[in-house]
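This is what each chain is made of:
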Amino acid sequence: GASASAVPVLGVAVRWRGSWDLGRHGKGLVVDRLALLRALGFAGVNAKLATQDVVISRDPGVYSVASQWLVHHQSVDVDTMTRIFGHTRGLQGQSVGIGIRPEPDHVYFQGSHGLPAVLAVAGTVFGPRIMYGANAVLGGFALLAVYGFGRILIGRWPAFAAAVLVGATLPQLAFSRDTYTEPICQLLLFGGLSLLMLAKRGRWSLWFLGGLVIAGSCVTRIDSFLVLPPVIATGAMF
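Notes on the structure follow.

Quick notes on the rules
- Residues numbered from 1 in each chain as written.
- Predicted model: local features only at pLDDT ≥ 70, side-chain atom pairs only at ≥ 80, totals over all residues.
- Heavy atoms only, no water.
- Axes fitted to C-alpha atoms, helices over the stretch in contact; angles between N-to-C directions.
- Helix = DSSP H or I, 4+ residues; strand = E, 2+ residues; numbered from the N terminus.
- Parallel < 35°, antiparallel > 145°, perpendicular 65-115°, else oblique.
- Left-handed = near helix turned anticlockwise from the far one by under 90°.
- Contact = heavy atoms within 4.5 Å.
- Nonpolar A, V, L, I, M, F, W, Y, C, P; charged D, E, K, R; others polar.
- Patch = residues over 30% accessible without salt bridge, like charges linked within 9 Å, V, L, I, M, F, W, Y side chains within 5 Å.
- Areas by Shrake-Rupley, 256 points an atom, 1.4 Å probe, with all protein chains shown as cover.
- Salt bridge = Lys/Arg side-chain N within 4 Å of Asp/Glu carboxyl O.
- Buried < 20%, exposed > 50% of the residue type's maximum accessible area, 1.4 Å probe, protein only.
- Core = buried A, V, L, I, M, F, W, Y, C linked by side-chain atoms within 4.5 Å.
- Expected span 1.5 Å × (residues − 1).
- Pairing = 2+ DSSP bridges.

## Quick word on the packing of helix α3 (residues 61-72) against helix α5 (residues 114-126)
Right, on to step 1. At a minimum axis separation of 8 Å, α3 and α5 run at an interaxial angle of 50°. On the basis of their axis angle, the class for α3 and α5 is oblique. In this structure, α3 crosses over α5, and the sense of that crossing is right-handed. Between α3, through Tyr63, Ala66, Ser67, Leu70 and Val71, and α5, the contact on the second element is made entirely by Leu115, Pro116, Ala117, Leu119, Ala120, Gly123 and Thr124.
Right, on to step 2. For the contact of α3 with α5, the residue count by class is nine nonpolar, three polar and no charged.

## Considering a nonpolar patch on the surface
Right, on to step 1. A surface patch of nonpolar side chains, about 580 Å² in accessible area, is lined by Val30, Leu34, Leu36, Leu37, Leu40 and Trp157.
Right, on to step 2. Among the elements that line the nonpolar patch, the one with the most residues is helix α2 (residues 27-48), at five residues.
Right, on to step 3. Mapped onto the elements of the fold, valine 30 is located in helix α2.
Right, on to step 4. Of the residues examined, valine 30 reaches a relative accessible area of 44% and is grouped as partly exposed.

## Some thoughts on the packing of α5 against helix α6 (residues 128-154)
Right, on to step 1. One way to put it is that α5 packs onto α6 with a least axis distance of 8 Å and a crossing angle of 135°. Considering their axes alone, α5 and α6 lie oblique with respect to each other. The hand of the α5/α6 crossing is right-handed. Here α5 contributes Leu115, Val118, Leu119, Ala122, Gly123 and Phe126 to the contact with α6, which in turn contributes Pro128, Ile130, Met131, Ala134, Asn135 and Leu138.

## Things to note about the nonpolar core
The nonpolar side chains of a soluble globular protein tend to be buried, and buried together.
Right, on to step 1. Counting 31 residues, the largest nonpolar core has Phe109, Leu115, Leu138 and Ile184 as its most contacted members.
Right, on to step 2. Among the secondary structure elements, those contributing two or more residues to this core are α3, β3 (106-109), α5, α6, α9 (182-200) and α10 (206-217).

## A short note on α9
Right, on to step 1. Taking 1.5 Å as the rise per residue, α9 with 19 residues should run 27 Å; its terminal C-alpha atoms sit 27 Å apart, in good agreement.
Right, on to step 2. Counting buried positions along α9 gives 14 out of 19 residues, so the element sits mostly inside the fold.
Right, on to step 3. Glycine 202 sits one or two positions beyond α9 and adopts a positive phi of about 115°.

## A few points about the sheet that holds strand β1 (residues 77-79)
Right, on to step 1. Spatially, the three strands line up as an open sheet ordered β1-β3-β2, and their pairing is antiparallel. Strands at the two margins of the open sheet, each flanked by one partner only, are β1 and β2 (98-100). Each neighbouring strand pair of the sheet contributes to a mean axis angle of 35°, computed without reference to strand direction.
Right, on to step 2. The sheet contact formed by β1 and β3 spans three bridges and is antiparallel. Looking across to β3, one finds that valine 78 is bridged to valine 107.
Right, on to step 3. Relative to β3, α3 is tilted by about 110°, and along the sheet it contacts β1 and β3.

## A look at the pattern of salt bridges
Right, on to step 1. Tallying each qualifying case throughout the model produces five salt bridges.
Right, on to step 2. Across the salt bridge formed by aspartate 32 and arginine 156, the nearest N and O atoms sit 3.1 Å from each other. A residue pair is termed long-range when its members are at least 10 positions apart, and aspartate 32 in helix α2 and arginine 156 in helix α7 (residues 156-167) qualify at 124 residues. Each member of the pair, aspartate 32 as well as arginine 156, carries the same accessibility label: buried.
Right, on to step 3. A salt bridge links aspartate 77 to arginine 101, with the shortest nitrogen-to-oxygen separation between them at 2.9 Å. Residue aspartate 77 is located in strand β1, and its partner arginine 101 is located in the loop between β2 and β3; the two are separated by 24 residues in the primary sequence.
Right, on to step 4. Take arginine 101: its relative accessible area is 30%, and that puts it in the partly exposed class.
Right, on to step 5. Here the salt bridges do not stand alone but share partners, grouping Asp32, Arg151 and Arg156 into one network.

Okay, here's the thing in structure tokens:
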């Protein structure tokens, strides 16, 4: 999906950012390294404490099961007759995590599928144990994105303090230890906003890249569309 492609695009953008004139010499580079270590430490600790949900009521279980399903299948469509209930026909069910398709004996995983697609890549390459901890890694990079955005607006030390504070909050910890969509959405939103802020400084090619990254957040959470109107309005002003 678009979010799966936006994550490496954001990584390339971060790498390119090293050549941008943001005053990264001397003591400032120390703060950047501290922010990176903080993000890696957050990812490592919380990956070890990751939860493995196998019961679907809604999120986060639906994302865990959908991720594992996508490791072995190419679609979120589930043939209930052959895959779940054997050969008993006519069984149907619907919940806040599972929806009924028009085809008989077929259901699908509800919700946006950006996060399951990204986690399925980790599960395919490294196995289910790593897959369930991958969201903690996304949470760590989300803190780095918060730092990067704050660094542009208010400077390194205040941005570092903000990232540390955010990383100590219960929502950040809980959502990163389970398969919630908030961390990846946070990563893409703050990363995209950072690119747009830099585009305002004359890097016009970054308007497209920033828009691509923010658009990736829209396939991770449907409420990300609420961010687009003010982003477009702000962009129109510049």
